[in-house]
Amino acid sequence: MTQTVSTSQPQIYQGQFGEYTITDGDRQGVLVYRVSLAIAALCFGIGTALVIWDSHNPIVLQLLTPIYLVFWLALGVSLFTIHIYLIILHRFLQFCWLMGGIATLVVAIADPEPLAVTVYNQPYSLFGVGFTFVALTGIYFKEAFCFNRMETKLLTPLVPLLLLGYMAGVWTVINQKFLLFFWAIQFGIFALRKCFQAIPSDIGDKSVFDYLHQQRSQNSV
């Protein structure tokens, strides 16, 4: 008896500049992006809960540093696996993430106090550390623009308003905690909804990526 081995053909999509297929590598990249986003959102949520619960507890203040580190690393993975058509914007967000990490390291080394205490007592340190949140806001903006999600529409202006308002001394402690709590909730909703989104939509139109790559190659000749 002869056995017939059937192989499934990859699905062909029609893009703006031609046909393209989605590979297993593309799908794995999306999964990594979503998992890293979920880890970042979880870390942010845990950190926020600890701050609201007892921001004066020395143990809590010490815990916030490793939690922030995991958050920063997860955000970096997200930024290296996200699909953004404009490579200049993509590189800018990665640059902001890196600069935010370097600034955070400098602040942590320069002051023996826990990182959260230093940043809270020295708001202008956000001119450096805040680059990390510029990168995060870039993700919110991209998701709001591409998928019209309400939570990312709220988060895109919320993050700069909270951080800049804190630096300017606008917000009371109650305001800070409320906005931080709202941020954490919306971030969690965003990460959770990404888990149920169709994978091809996160990959985007690969024919656009190919076209832009060809344009850059021609311009560099």
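Model, not experiment: these values are computed from the prediction.

Rules behind the numbers
- Numbering of residues begins from 1 in every chain and follows the order in which that chain's sequence is written.
- Residue-level local features of this predicted model are given only where pLDDT is at least 70; pairs of side-chain atoms are given and counted only at 80 or more, and the full residue set underlies all totals for whole chains, interfaces and linings.
- Neither water nor hydrogens contribute to the side-chain values; these are computed over all heavy atoms in the structure.
- Helix and strand labels come from DSSP, where a helix needs a run of H or I of at least four residues and a strand needs a run of E of at least two; each type is numbered from the N terminus.
- Working definition: with a 1.4 Å probe on protein chains only, accessible area under 20% of the residue-type maximum means buried, over 50% means exposed, and in between means partly exposed.
- What makes two residues a contact is simply this: any of their non-hydrogen atoms within 4.5 Å.
- Aromatic pairing here means that ring centres of Phe, Tyr or Trp (its six-membered ring) are within 6.5 Å. Orientation follows from the plane angle: under 30 degrees is stacked, over 60 is edge-to-face, and everything else is tilted.
- Here, expected helix span is obtained from the residue count minus one, scaled by 1.5 Å.
- Per-residue confidence from the predictor is reported as pLDDT, a score between 0 and 100.
- What counts as a salt bridge is simple: a side-chain nitrogen of Lys or Arg found within 4 Å of a carboxyl oxygen of Asp or Glu.

### Some thoughts on the side chain of K142
For K142, the position within the fold is in helix α6 (residues 131-147). For K142, a relative accessible area of 10% gives the class buried. Dropping the residues within four chain positions of it, K142 is found in contact with I82, H83, I84, F147 and D202.

### Focus: the packing of aromatic side chains
Enumeration according to the criterion identifies 16 aromatic pairs in this entry. Ring centres of W72 and W97 lie 4.2 Å apart, and the angle between their planes is 10°; this geometry places the pair in the stacked category. Remark: W97 occurs in helix α3 (residues 87-110) and W72 occurs in helix α2 (residues 58-81); sequence separation between them is 25 residues. Each member of the pair W72 and W97 is classed as buried. A centroid spacing of 5.6 Å and a plane angle of 75° characterise the contact between F133 and W183, whose relative ring orientation is edge-to-face.

### Remarks on α6
Taking 1.5 Å of rise per residue, the 17 residues of α6 would be expected to cover 24 Å, and the 24 Å separating its terminal C-alpha atoms lies within 8% of that figure. Just past α6, the residue N148 takes up positive phi, approximately 55°.

### Side note on the confidence of the model for the chain
Of the residues in the chain, 84% have a pLDDT of 70 or more, and the chain-wide mean is 88. The low-confidence segment residues 1-8 (pLDDT under 50) makes zero contacts with residues lying over four places distant or belonging to another chain.

### Quick word on the pattern of salt bridges
Scanning the entire structure with this criterion turns up five salt bridges. E143 is paired through a salt bridge with K142; the nearest N and O atoms lie 4.0 Å apart. For the pair E143 and K142, one class covers both residues: buried. Measuring nitrogen to oxygen at the nearest pair gives 3.0 Å for the salt bridge that ties K194 to E143. Taken together, the residues span a long stretch of sequence, with K194 in helix α8 (residues 173-194) and E143 in helix α6 at a distance of 51 residues. E143 carries the same exposure label as K194, and that label is buried. Each of R34, K142, E143, K194 and D202 takes part in a single network of salt bridges with overlapping partners.

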